[in-house]
Amino acid sequence: MWHSNEKRRHGVLFCGGMNARFAGFLAALAFTATPAFAQSSNPLLPRNLSPWGMFLNADILVKAVMIGLAFASLVTWTVWLAKTVELGSKKRLARRRLKMLESGGSLADAVRACEADRDAVAQLILSTAREAELSDGIVDDGFKERVALRLERLEAAMTRQISQGTGILATIGATAPFVGLFGTVWGIMNAFIGISESHTTNLAVVAPGIAEALLATAMGLVAAIPAVVIYNHLARVISGYRVLLSDASAQLLLMVSRGRASRSMALPHAAE
């Protein structure tokens, strides 16, 4: 009986020792794992890397570049909206005038239809009538050459007028990527200066600066790509508008060649 009690007592002591060793192992493991979980509070780790957070934390020069690119993007979409509305209304009116000229009426009828208007085709009609008035209604080769010269000058003037404001799109499309690249280079320079000053090669030191710098490049592309696409689109639309003006000029020359200009017409002066 005594030996049995002694064995039972040794077994209890052995189990208790094992439990104590296991508890010590878990405590040591938790202690060694604590720094890994505590890394989330490391001040060297990247800050808020959302676009707005990167903008707020960027260098003053990089901020200026980003603001300039955002303004350029706003200008691009403003020009697109304004020119789309303007070209749409002018093309509709030009088609209506061209349809009137193709109906076979006389130059006097065309003048009366647009006497109080100053749209492009109305300018062409009034300029032709003005030349007919100055030539005393004499329709010869010299008269037709003078009318053609007037129409050509007016077409060029109307095209320049409708093209105003589109040149800025070409400038933005050509320069915005390089402006963004300048902001990127400046931001990366500051990031490497930060590495030198902190005397560490920890990626957490350089990551925010590089991210802010790359945001400038992204904004440059966001400003440049729509500007190029919109400029090419508007150039095609303006070319189509000039074709309408050329068709109207051809119809006026046909009227002149038929000798339908009246010597007695009282005509207003056309703006040139």
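Residues numbered from 1 in each chain as written. Predicted model: local features only at pLDDT ≥ 70, side-chain atom pairs only at ≥ 80, totals over all residues. Heavy atoms only, no water.

*Asks:* When you look at the overall build of the chain in this model, what are you seeing that I'm missing?
*Replies:* Within the chain, the regular secondary structure consists of 8 helices and 0 strands. Within the chain, buried positions represent 33% of all 272 residues. Here the analysis covers contacts within the chain between residues at least 6 apart in sequence; of these, 80% occur between residues at least 24 apart. For the chain, the accessible area works out to roughly 16100 Å², and carbon and sulfur atoms hold 66% of it. (Helix = DSSP H or I, 4+ residues; strand = E, 2+ residues; numbered from the N terminus. Buried < 20%, exposed > 50% of the residue type's maximum accessible area, 1.4 Å probe, protein only. Contact = heavy atoms within 4.5 Å. Areas by Shrake-Rupley, 256 points an atom, 1.4 Å probe, with all protein chains shown as cover.)

*Asks:* Would you take a moment to explain the packing of helix H3 (residues 60–102) against helix H5 (residues 120–134) for this structure?
*Replies:* Geometry of a packed helix pair, given as the angle between the helix axes and the separation of the axes. The geometry of H3 relative to H5 is characterised by a closest axis approach of 8 Å and an angle of 35 degrees between their N-to-C directions. Of the residues in H5, those touching H3 at Ala94, Arg97, Met100 and Leu101 are Val121, Ala122 and Ile125. Counted by class, the contact of H3 with H5 contains 6 nonpolar, no polar and 1 charged residues. (Axes fitted to C-alpha atoms, helices over the stretch in contact; angles between N-to-C directions. Nonpolar A, V, L, I, M, F, W, Y, C, P; charged D, E, K, R; others polar.)

*Asks:* How should I be thinking about H5 in this particular structure?
*Replies:* Structural remark: α-helix, 3.6 residues per turn; residues separated by three or four positions point the same way. With 15 residues, H5 ought to run about 21 Å at 1.5 Å a step, and its terminal C-alpha atoms sit 21 Å apart, in line with that. Counting buried positions along H5 yields 13 of 15 residues, so the element is predominantly enclosed. With a side-chain oxygen lying 3.3 Å from the backbone nitrogen of Val121, the N-terminal cap of H5 falls on Asp119. At the exit of H5 stands Asp136, carrying a positive phi of roughly 60 degrees. (Expected span 1.5 Å × (residues − 1). Polar contact = N/O pair within 3.5 Å; in protein donor to acceptor, adjacent residues only side chain to side chain.)

*Asks:* So what exactly am I meant to see when it comes to H3 here?
*Replies:* If you check H3, its first and last C-alpha atoms are 62 Å apart, about what 43 residues at 1.5 Å a residue would give, namely 63 Å. Just beyond H3, the residue with positive phi is Gly104, at close to 95 degrees.

*Asks:* Just to check I follow, could you spell out the nonpolar core for this structure?
*Replies:* As a rule of thumb, nonpolar side chains are buried together in soluble globular proteins. The biggest cluster of nonpolar side chains holds 35 residues, and the ones touching the most others in it are Leu101, Leu107, Val121, Leu124, Ile125, Leu245 and Leu252. Those elements that provide at least two residues to this core are H3, helix H4 (107–113), H5, helix H6 (141–163) and helix H8 (203–257). Looking at this core element by element, the count peaks at 11 residues for H8. Sequence-distant contacts of Leu245, that is, excluding residues within four places in its chain, are made with Ala120, Val121, Leu124, Glu155 and Met158. Formed by 8 residues, the second largest nonpolar core is a distinct cluster that contains Leu69, Ala72, Ala224 and Ala227. (Core = buried A, V, L, I, M, F, W, Y, C linked by side-chain atoms within 4.5 Å.)

*Asks:* Is there a simple way to think about the confidence of the model for the chain in this case?
*Replies:* Low-confidence regions, as indicated by low pLDDT, have predicted coordinates that should not be scrutinised in detail. Residues at a pLDDT of 70 or more form 68% of the chain, whose mean pLDDT is 76. Ranking the elements of the chain by mean pLDDT puts helix H1 (residues 2–38) last, at 46, and H3 first, at 90. Between residues 22–42, whose pLDDT stays under 50, and residues either more than four places distant or in other chains, the model counts 2 contacts. Counting contacts from residues 260–272, a segment whose pLDDT is below 50, to residues more than four positions away or on other chains yields 29 contacts. (pLDDT = per-residue confidence, 0-100.)

*Asks:* Just to check I follow, could you spell out the packing of aromatic side chains for this structure?
*Replies:* Each aromatic ring pair is characterised by the separation of its centres together with the angle its planes make. A full pass over the atoms with the stated rule returns 2 aromatic pairs. Here the aromatic rings of Trp77 and Trp80 are separated by 5.8 Å at their centres, their planes lie at 80 degrees, and the arrangement is edge-to-face. Separated by 3 residues within a single helix, Trp77 and Trp80 lie in helix H3, roughly one turn from each other. Seen in terms of ring centroids, Phe182 and Trp186 are 6.4 Å apart; in terms of plane orientation they differ by 40 degrees. Their pairing is tilted. Placement of the pair is Phe182 and Trp186 together in helix H7 (residues 167–198), with a separation of 4 residues, close to one helical turn. In this structure Trp186 comes out as partly exposed when scored by relative accessible area, which is 31%. (Phe/Tyr/Trp six-rings, centres within 6.5 Å; stacked < 30°, edge-to-face > 60°.)

*Asks:* It is not clear to me how the environment of Ala64 should be interpreted in this structure. Could you clarify?
*Replies:* Relative to the assigned elements, Ala64 resides in helix H3. In the structure, Ala64 is positioned 119 residues away from Gly183 in sequence and 8.7 Å away in space, judged by C-alpha atoms.

*Asks:* It is not clear to me how the pattern of salt bridges should be interpreted in this structure. Could you clarify?
*Replies:* Side chains that differ in charge, positive against negative, can pair when their charged atoms come close. Tallied over the full model, the rule gives 5 salt bridges. A salt bridge links Arg97 to Asp119; its shortest N-O distance comes to 3.0 Å. Of this pair, Arg97 sits in helix H3 while Asp119 is found in the loop between H4 and H5, placing the two residues 22 residues apart along the sequence. Relative accessible area serves as the criterion here: at 13%, Asp119 is assigned to the buried category. A salt bridge links Arg130 to Glu133; the nearest nitrogen and oxygen atoms lie 2.5 Å apart. Of the two residues, Arg130 and Glu133 both sit in helix H5, 3 residues apart, roughly one turn of that helix. Via salt bridges that share partners, Glu131, Arg146 and Arg150 belong to a single interconnected network. (Salt bridge = Lys/Arg side-chain N within 4 Å of Asp/Glu carboxyl O.)

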